[in-house]
Amino acid sequence: MTTHLTHWGVFEADSDGERLTSVRPWRGDPEPMALIENVASAQHHPTRIDQPYVRQGWLERGPGATGRGDEPFVPVSWETAFELLSGELSRVYREHGAESVYGGSYGWASAGRFHHAQSQVHRFLNCLGGYVRHVNSYSLGTSEVLLPHVIGSAELLLGHATAKSVLVEHAELVVAFGGLSPKNSAVSPGGVSRHNTKTWIGAARARGCRFVSISPLRDDIPAEAEAEWIAPRPGSDTALMLALAQVLDADGLADKEFLDRYTVGYDRFVGYVRGEADGVVKDPGWAESITGVSAERIRTLAHEMAAARTMISVSWSLQRAERGVQPLWLGVVLAAMLGQIGLPGGGFGHGYGSSAHVGEPARGRSVPRVRQGSNGVATFIPVARIADMLLNPGQTFDYNGALLVYPDIKLVYWCGGNPFHHHQDLARLHAAFARPETVVVHDAFWTATARHADFVLPATMSIERDDYGAGQNDREFFPMKALTRPHGVSRDDYAIFGELAERIGVGKEFTEGRTVDEWLRHLYEQWRAEVNDPAVPDFDEFWDSESLALPTPDPDPVLLSDFRADPERFPLATPSGRIEIFSATIDGFGYADCPGHPVWLEPEEWLGGASAARFPLQLVANQPRTKLHSQLDVGAHSRSVKIAGREPVRLHPDDAAARGLRDGDIVRIFNDRGSCLAGLVIDDAIRPQVAQLSTGAWYDPDPADPTFCRHGNPNVLTADRPASSLSQGCSGQLALVEIEPHRGPLPELAVDGPPATIASVAQRFS
Ligand SMILES: Nc1nc2c(c(=O)[nH]1)N[C@H]1C(S)=C(S)[C@@H](COP(=O)(O)OP(=O)(O)OC[C@H]3O[C@@H](n4cnc5c(=O)[nH]c(N)nc54)[C@H](O)[C@@H]3O)O[C@H]1N2
Ligand SMILES: Nc1nc2c(c(=O)[nH]1)N[C@H]1C(S)=C(S)[C@@H](COP(=O)(O)OP(=O)(O)OC[C@H]3O[C@@H](n4cnc5c(=O)[nH]c(N)nc54)[C@H](O)[C@@H]3O)O[C@H]1N2
Ligand SMILES: [Mo]
């Protein structure tokens, strides 16, 4: 029996050396997650990549050959793969330079610090001279750019939030925009040892705390909250928040002392709320017409918030949308108006329901990790501009006050991510991926991204290799011993890069002469020396232990309590040192879609807009309940909710009836960008006029039409439209669509098996 860490929890497993024979949640986890069932069932699935492959066209016609994503693959030996790829990498670096290589390689990969895929690919490409990188994330593309201007940093809210334990003791009212989703808080980057969502929410409720969940889905908060459910039109929270601010101002409930001492720019903002410039008072009646929430409820909620110790929680999803800057900024502004920032149980939070680590106290120390080296290339893109970059080399674009230029990319290297899962407007991405001369992908599975590569190199799963790891803010550091041998002839990313580096002549720089076992020991012992704590055992003792507890110096932190106590001594890292309700910096950028204080700006795609006449349903493309993103989509738990193999879409009974749809029907979801099939689930836990299709179903395009996904990936429907000129973040959460019955025979899926391969050509090249 051995324990193993995943992003979604810790499990104990038995193995026969080949496969896991039994999997149980770790004894220490009070709220284990069913996602662990996906691992064993997926490991030897037919979609596992068993050996190296090269796309037929690339093999026969060389770099730049057309047909990427539509052609069969040729199985090759590792020797052939290494020979061809090391030659191609050398050619591209020699002929076009490091700035022609995109190695951003966004993606979650697996838990485990040494085999962390992004660290390995970045370290490898740095040894070759560097690569064009990405900044920011799909998760928090807007937050990471906005929050430094408003409160000095995003990390404050993510890594140093007021602890959930403090909310349990002190919060009287939690107003949760985007809910407090139990599915999302089951996951945390790097792993979760003890899930506690239901526990902390239940304990707060038992003490008398009230929860208000503002979200299109009733189940965006656990039943333990006994929450009131308010369901505004998606994308309209900004109007609701402005009206709450208007009531606080008009009814004398705003904390003037707090605003004077700790913030700048309130006057300009409140002038806008009062309608001084545009003649529109942003009162509850105004907000009712935009949000659909009754003016009376908005008014009383503002009073309840002012009367109680109130935590305003904004989920990450609200900023992963058009105009995503606005509700995030307004959450901070409302908390400032209530004057409770820095007090236990009050103030502002961002992502208590989005990731398990938010609201866990920060650890006193990090864990060992491999250094990525230094990048010889300065050029970068905001991560969600990948398709724009590939399609528009040389074109300029805005980002956070700068005017940047897209580089001319010849080679794309992806290791540990799935852009044909995570990016928006997948048909456009398909066209963008035709541009580079060569695409290289390491993955364990035949994802749509692997199918869009020229070189497909089979990586091990984390259960097939030795590693160690701990999630962000998680108190437990786990050894992760290999549970089985690798599937097929797959290899660790480290081993693949090590061999390539050797052939290109930078082997020593990359491996430093160490095996995996030597690296694990070396990094651990280096860390142990830095930590200098007699309670930390040597490597051998750690390796044979279940886990090592990591200290948390302050177990019950309150966000910005030091700033509140002494704002001169503990200023924020903003230009004024205070909370910026008006940011002169952002105002100076002059972006029409992002002025100097939060405002209501209509999104392009929302139920109150013109395009809703043709596409009258708001698609919520949120995170999946039965998996992490697209990972292990072929696993048992993920498959258990599919309908005729298609991803489930949820619809309100009235909307289903209006379209003559019945529970379990296969439906076609469509808009002007694309269409997909899905299996219908009728559910009154969803707001009318909303359809929920989570992300994660592997993109399975019709061979003749990349805009049509047979499986149910919502990213054929979402727009590749930046959340704002400021952030250039992803806006994939929402899109407008229509739904109709699927007519005709059900097309077979191709993505649940391996792609077409051509063995005969292999003979000629091996
Ligand atoms: N419409 C819409 N789209 C979204 C979102 C949304 O809300 N709506 N959310 C976005 C967000 S927040 C995110 S974070 C992204 C997530 O997007 P990704 O992080 O790209 O998604 P994953 O499915 O986790 O992709 C990880 C890949 O790494 C592979 N892998 C696992 N371990 C290893 C390893 O050790 N080595 C190698 N080489 N490969 C490995 C897995 O098989 C998988 O294919 O999606 C984004 N996309
Ligand atoms: N099980 C599971 N957990 C995960 C992940 C996963 O793939 N699977 N992914 C992880 C990752 S990488 C991330 S970044 C986080 C993301 O965390 P979040 O971004 O918070 O998660 P989502 O599920 O995308 O969205 C949460 C909810 O927001 C609501 N919502 C959408 N639009 C609106 C709106 O306009 N207004 C309001 N009020 N509510 C709205 C939706 O109903 C949705 O269910 O989740 C993490 N947790
Ligand atoms: Mo994310």
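All values reported here derive from a predicted model rather than from experimental measurement. (Residues numbered from 1 in each chain as written. Chains lettered and ligands numbered in written order. Predicted model: local features only at pLDDT ≥ 70, side-chain atom pairs only at ≥ 80, totals over all residues. Heavy atoms only, no water.)

Enquirer: Even after reading the chapter, I still don't get the site of ligand 2, so can you show me in this structure?
Expert: Taken together, 29 residues surround ligand 2, and among them Lys 183, Asn 184, Asp 220, Asp 237 and Ser 354 come closest. Contact distances for ligand 2 include 2.7 Å between an oxygen atom and a side-chain N or O atom of Lys 183. Contact distances for ligand 2 include 3.0 Å between an oxygen atom and a backbone N or O atom of Gln 623. In isolation ligand 2 offers 910 Å² of accessible surface; the protein chains occlude 98% of this area. For the shell around ligand 2, the residue count by class is twelve nonpolar, twelve polar and five charged. (Near = heavy atom within 4 Å. Polar contact = N/O pair within 3.5 Å; in protein donor to acceptor, adjacent residues only side chain to side chain. Areas by Shrake-Rupley, 256 points an atom, 1.4 Å probe, with all protein chains shown as cover. Nonpolar A, V, L, I, M, F, W, Y, C, P; charged D, E, K, R; others polar.)

Enquirer: Looking at this structure, how should I read the state of the cysteines?
Expert: Each disulfide is one covalent bond, formed between the sulfur atoms of two cysteines. Counted under the stated rule, the structure contains zero disulfides. Unpaired in terms of disulfides, Cys 415 finds its nearest cysteine sulfur in Cys 127, a separation of 14 Å. (Disulfide = S-S within 2.5 Å.)

Enquirer: Sorry, what's going on with the sheet that holds strand β18 (residues 438–443) here?
Expert: What holds strands together in a sheet is hydrogen bonding between their backbones, with the strands either parallel or antiparallel. The mixed open sheet is built from six strands, whose spatial order is β5-β4-β19-β18-β17-β6. Each of the sheet's edge strands pairs with one partner strand only, and the pair in question is β5 (73–75) and β6 (101–102). Bridge analysis of strand β4 (residues 53–55) against strand β19 (residues 455–458) gives two bridges, and the strand direction is antiparallel. The residue of β19 that forms the bridge with Val 54 is Phe 455. Those strands touched by helix α3 (residues 78–96) are β4, β6, β17 (411–415), β18 and β19, and its axis lies near 130 degrees from that of β19. (Pairing = 2+ DSSP bridges. Helix = DSSP H or I, 4+ residues; strand = E, 2+ residues; numbered from the N terminus. Contact = heavy atoms within 4.5 Å. Axes fitted to C-alpha atoms, helices over the stretch in contact; angles between N-to-C directions.)

Enquirer: Explanation requested: the nonpolar core in the structure shown.
Expert: Nonpolar side chains tend toward joint burial in soluble globular proteins. Counting residues in each nonpolar core, the largest one holds 200 residues, and the members touching the most others are Phe 124, Phe 177, Phe 211, Phe 269, Tyr 413, Phe 477 and Ile 669. Examining the composition of this core, we find that eleven residues originate from one element, helix α14 (residues 325–338), more than from any other. (Core = buried A, V, L, I, M, F, W, Y, C linked by side-chain atoms within 4.5 Å. Buried < 20%, exposed > 50% of the residue type's maximum accessible area, 1.4 Å probe, protein only.)

Enquirer: So what exactly am I meant to see when it comes to the pairing of strand β2 (residues 9–15) here?
Expert: On a regular strand, each side chain points to the face opposite its neighbour's, so the side chains alternate between the two faces of the sheet. Across the seven residues that make up β2, a large majority, five, are buried. The pairing of strand β1 (residues 2–6) with β2 spans five bridges and is classified as antiparallel. Bridge pairing in β2 places Thr 6 opposite Gly 9. In sequence, β1 turns back onto β2 through a hairpin of two residues. Across five bridges, β2 lies against strand β3 (residues 20–25) in antiparallel orientation. Residue Phe 11 lies in a different strand from β3, and its bridge partner there is Pro 25. A loop of four residues connects β2 with β3, the two strands running antiparallel in sequence, and Gly 17 in this loop sits at a positive phi of about 95 degrees.

Enquirer: Please clarify how the pattern of salt bridges should be interpreted in this entry.
Expert: Side chains that differ in sign of charge can pair as their charged atoms come close. Evaluated as defined, the whole model comprises 54 salt bridges. Linking Arg 61 and Glu 71 is a salt bridge whose minimum nitrogen-to-oxygen distance equals 3.6 Å. In this pair, Arg 61 sits in helix α2 (residues 56–61) while Glu 71 sits in the loop between α2 and β5, placing the two residues ten residues apart along the sequence. One salt bridge in this structure joins Glu 360 and Arg 475, with 3.4 Å as the shortest N-O distance. With Glu 360 in the loop between β13 (347–350) and β14 (380–382) and Arg 475 in the loop between β20 (467–469) and β21 (476–480), the pair connects residues that are 115 residues apart, well separated along the chain. Residue class for Glu 360 comes out buried when judged on its relative accessible area of 14%. Counted as one network, the salt bridges with shared partners bring together Glu 12, Asp 14, Arg 24, Arg 27 and Glu 546. (Salt bridge = Lys/Arg side-chain N within 4 Å of Asp/Glu carboxyl O.)

Enquirer: What am I meant to see in helix α12 (residues 284–291) here?
Expert: Since there are 3.6 residues in each turn of an α-helix, residues three or four apart along the chain are aligned in direction. Pro 284, Trp 286, Ala 287, Ile 290 and Thr 291 are the residues of α12 that are buried. In an axial view of α12, the angular spread of the buried residues amounts to 150 degrees, which keeps them on one side of the axis. Where the residues of α12 are buried, they touch α9 (237–250) and α13 (295–307). A positive phi of about 85 degrees marks Gly 292, the residue just after α12. (Arc of directions from axis to C-beta.)

Enquirer: Mind showing me how you'd approach the site of ligand 1 here?
Expert: Neighbouring residues of ligand 1: 32 residues in total, closest Ser 110, His 422, Asp 443, Asp 493 and Ser 630. One of the backbone N or O atoms of His 442 is found 3.0 Å from a nitrogen atom in ligand 1. Within the side chain of Asn 715, a nitrogen or oxygen atom sits 2.7 Å from a nitrogen atom of ligand 1. If you list the elements that add at least two residues to the shell around ligand 1, you get α16 (419–422) and β18. Of the residues that constitute the shell around ligand 1, the class distribution is seven nonpolar, 21 polar and four charged. When residues of the shell around ligand 1 are sorted by domain, at least three fall in each of domain 1 (52–60 + 82–135 + 368–469 + 476–549) and domain 3 (610–741). (Domains from an automatic or database assignment.)

Enquirer: I'm lost on the domain arrangement of the protein chain in this one. Help?
Expert: Interfaces are often sized by the amount of accessible area the parts lose when they come together. According to the domain assignment, the protein chain contains domain 1 (52–60 + 82–135 + 368–469 + 476–549), domain 2 (143–362 + 557–589) and domain 3 (610–741). A straight line from the C-alpha centre of domain 1 to that of domain 2 covers 36 Å. Carbon and sulfur atoms supply 67% of the area that domain 1 and domain 2 bury against each other, a total of about 620 Å² over both sides. Linking domain 1 with domain 2 are one salt bridge. Across the salt bridge formed by Glu 476 and Arg 194, the nearest N and O atoms sit 2.9 Å from each other. Applying the counting rule to domain 1 against domain 2 returns two residue pairs in polar contact (both at pLDDT 80 or more). (Buried area = accessible area lost by both parts, 1.4 Å probe.)

Enquirer: What am I meant to see in the pairing of strand β31 (residues 734–741) here?
Expert: Of all the eight residues making up β31, six are buried; the element is thus mostly covered by neighbouring parts of the structure. When strand β24 (residues 617–620) meets β31, the two strands line up antiparallel, connected through four bridges. Along β31, the bridge assignment pairs Gln 618 with Leu 736. In this structure, strand β26 (residues 666–670) lies alongside β31, joined through four bridges in antiparallel fashion. Bridge pairing links Val 667 to Pro 741 in β31.

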